[in-house]
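Report on the structure
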Amino acid sequence: MNCTEFRNCIIDLLDGRNLTDEERHHLEQCPQCAAEFRAADEALDAVTPRSDPRPSDELRNRILTASASAARPRRNRFHRLFGTVAAAATILAGVLLLTVRTPAYAARKHFGCAVAAMNDVKTLRIALRIRTAPHENFTYTDPALPPIPCTVTVEYGDTLRWRIEKSGRTALCDGELTRMWLRNAGEGWCSRADNYHPEGELGLLLDLQRLLLAEQALASRTKGAKYEIAEEDGSVRLTVTMPAQGDFSRSDYMLNSSIAESNTLREYRFDKESGRLLDLRITAILPDGSRPVLLESTAIAYDELVDRAALTAIPENIGWIDLAAPIPGVQLVDISAEEAANRILRAMGSWDKTLLDEALHYYGPDICKQLETHYRGLAVIAIGKAVRSGQYAGVFVPCKVLLANGKTEKLMLALRNDNSEKCWLVDGGL
């Protein structure tokens, strides 16, 4: 049994069918399929009602009577996310009455249809409009920017091949290597497909099974999230209200910088008969009450002919940075983020390549040349305290520098040391 055959069995297995000897053997031998099966099982389990109680008519009447006579302050406490024992009792009553009619139950049903429908899909092409910058990474969004087009093309089969493209940046995976490059920089990054994921949040669109399961699990486990199911003529609409993910307690710097780090309303419409996704829209919910659309599909096509050579084509004259290469030097290890920022900026003032080859490990020669032109000769004015924000794995260090041309510049230097060497690297902010 190969991976494709096993993936086609996952829905049946989640429905309770026992593993065959062949499936069990594949599950034991293939870590990737084992991880996918585990994730799917956990996602579905998260929204499956733990019981299917059948309350008596007497209990129903008592609950309905109590609900009808409840005072408004009691309902307000309920909406403040179960702050009192009375609220908990109200929820229990709702579960007893409405288990088989809850959004969770309906969502599982419709998600299950859509997930199963994706088993037979050979190719997928999604045309999108996203509020982002052409050169920025594929996770980045900004509700103040105008939407630009982006395409996601996927070929399923013996391995997953895909391409994500917008005017300033492209990423692709040929099944073995993942690459990403900037259109006008003449350089790009590459690594093994299982180690490098430049697709960011758009990665969920590469496999709509994963998208649906991920949304289902996230909504069921996130405080303040909710989803609703509405049936329309020939289609089913799922609406997910999701609060911003991440830690903003010390800084809101990353708030509204990505879909995950925004308060959003996510809408998915499925064909009622086939379960296939027809369209999607993700809207930001901003503090001023405005609701700009961050991402929306303009077309979704299944099983169109895909030219594999075009899908995996890469431009000539690109200098590739191998992300698996070891980081040179140890000058930015075992120090604070603030000290690392200070050393890096001072090195940029004199353009000390010994230290900068370490700090700018993921920056190619063309980008480094541009940085040298802009920052060489700078003087450090101030280094602030490092803060975490949102879901970013590193920290942000506020800095102020005096450029050689006499102008001052404020930076929010993004640094991370989640590499095997525990070395602080510049990840953005310049």
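Quantities reported herein were computed from a predicted structural model and do not represent experimental measurements.

This brings us to helix α9 (residues 208-221). Here α9 contains 14 residues, and its C-alpha end-to-end distance of 20 Å stays within 8% of the 20 Å for a straight helix at 1.5 Å per residue. Here α9 has its buried residues at L208, Q209, L211, L212, L213, E215, Q216, A217 and A219.

Counted by the stated rule, this structure contains 3 aromatic pairs. With a centroid separation of 5.9 Å and an interplanar angle of 90 degrees, the aromatic rings of W181 and W320 are classed as edge-to-face. Of this pair, W181 sits in strand β5 (residues 177-182) while W320 sits in strand β12 (residues 319-322); the two residues are 139 residues apart in sequence, bridging distant segments of the chain. Judged by its relative accessible area of 28%, W320 falls in the partly exposed class.

For the rest of this paragraph, the subject is the pattern of salt bridges. Within the structure shown, the criterion is met by 18 salt bridges. Here R125 and E304 are joined by a salt bridge, their closest N and O atoms 3.7 Å apart. With R125 in strand β1 (residues 123-131) and E304 in the loop between β11 (293-302) and α10 (308-311), this residue pair connects regions lying 179 residues apart in the sequence. Since its relative accessible area comes to 33%, R125 is described here as partly exposed. We note a salt bridge from E155 to R161, for which the minimum N-O separation is 3.5 Å. In this pair, the class of E155 matches that of R161, namely buried. Within the structure, one salt-bridge network assembled from shared partners comprises E155, D158, R161 and R308.

So, on to the sheet that holds strand β16 (residues 425-428). A sheet is described by the order of its strands in space; here 4 strands give the open sequence β13-β14-β15-β16, paired in antiparallel fashion. Both outer strands of the open sheet, β13 (379-383) and β16, are each paired with one neighbouring strand and no more. Taken over all neighbouring pairs, the strand axes of this sheet differ in orientation by 45 degrees on average, direction set aside. Pairing of β13 with strand β14 (residues 395-402) involves 4 bridges; the strand directions are antiparallel. Note that in β14 the partner of A382 across the bridge is K400. The sheet strands contacting helix α11 (residues 337-350) are β13, β14, β15 (408-416) and β16, and the helix crosses β13 at an angle near 165 degrees.

The subject of this paragraph is the nonpolar core. Judged by nonpolar contacts, the single largest core of 82 residues is most densely connected at L202, L205, L208, L332, I344 and L415. Among the elements that take part in this core, α11 stands out by supplying 7 residues, more than any other. Setting aside residues no more than four positions away along its own chain, L415 makes contact with A337, A340, A341, I344, Y392, G394, V395, V397, W424, L425 and V426.

Buried within helix α13 (residues 365-375) we find I367, C368, L371 and Y375. Seen end-on, α13 carries its buried residues on one side only, within an arc spanning 100 degrees. Among the exposed residues of α13, those pointing more than 90 degrees away from its buried face are P365, K369, Q370 and T373. Check the buried side of α13 and you find it contacts β5, β6 (187-192), α11 and β15. A positive phi of about 90 degrees marks G377, the residue just after α13.

Next up on the list: the pairing of strand β8 (residues 235-242). The side chains of a regular strand alternate between the sheet's two faces. Of all 8 residues in β8, 6 are buried, a share of seventy percent or more. Sheet topology note: the strand β7 (residues 226-232)/β8 ladder contains 7 bridges and is antiparallel. Bridging across to β8, K226 finds its partner in T241. The hairpin formed by β7 and β8 contains 2 residues between the paired strands, and G234 there has a positive phi angle of roughly 75 degrees. By the bridge criterion, 8 bridges tie β8 to strand β9 (residues 264-271) in an arrangement that is antiparallel. Counted as the bridge partner of T239 is E267 from β9.

A word on the confidence of the model for the chain. Reading predicted coordinates in detail is not appropriate for stretches of low pLDDT. The predicted model of the chain averages 81 in pLDDT, with 79% of residues at 70 or higher. Long-range and interchain partners of residues 46-101, a stretch whose pLDDT sits below 50, account for 40 contacts in this model, where long-range means more than four residues apart.

Not every positive phi belongs to a glycine, and N317 is a case in point at roughly 60 degrees. Examined against the element boundaries, N317 turns out to sit in the loop between α10 and β12. Judged by its relative accessible area of 72%, N317 falls in the exposed class. With a phi close to 60 degrees, D334 is a non-glycine residue in the positive phi region.

Conventions adopted
- Residues numbered from 1 in each chain as written.
- Predicted model: local features only at pLDDT ≥ 70, side-chain atom pairs only at ≥ 80, totals over all residues.
- Heavy atoms only, no water.
- Helix = DSSP H or I, 4+ residues; strand = E, 2+ residues; numbered from the N terminus.
- Expected span 1.5 Å × (residues − 1).
- Buried < 20%, exposed > 50% of the residue type's maximum accessible area, 1.4 Å probe, protein only.
- Phe/Tyr/Trp six-rings, centres within 6.5 Å; stacked < 30°, edge-to-face > 60°.
- Salt bridge = Lys/Arg side-chain N within 4 Å of Asp/Glu carboxyl O.
- Pairing = 2+ DSSP bridges.
- Axes fitted to C-alpha atoms, helices over the stretch in contact; angles between N-to-C directions.
- Contact = heavy atoms within 4.5 Å.
- Core = buried A, V, L, I, M, F, W, Y, C linked by side-chain atoms within 4.5 Å.
- Arc of directions from axis to C-beta.
- pLDDT = per-residue confidence, 0-100.

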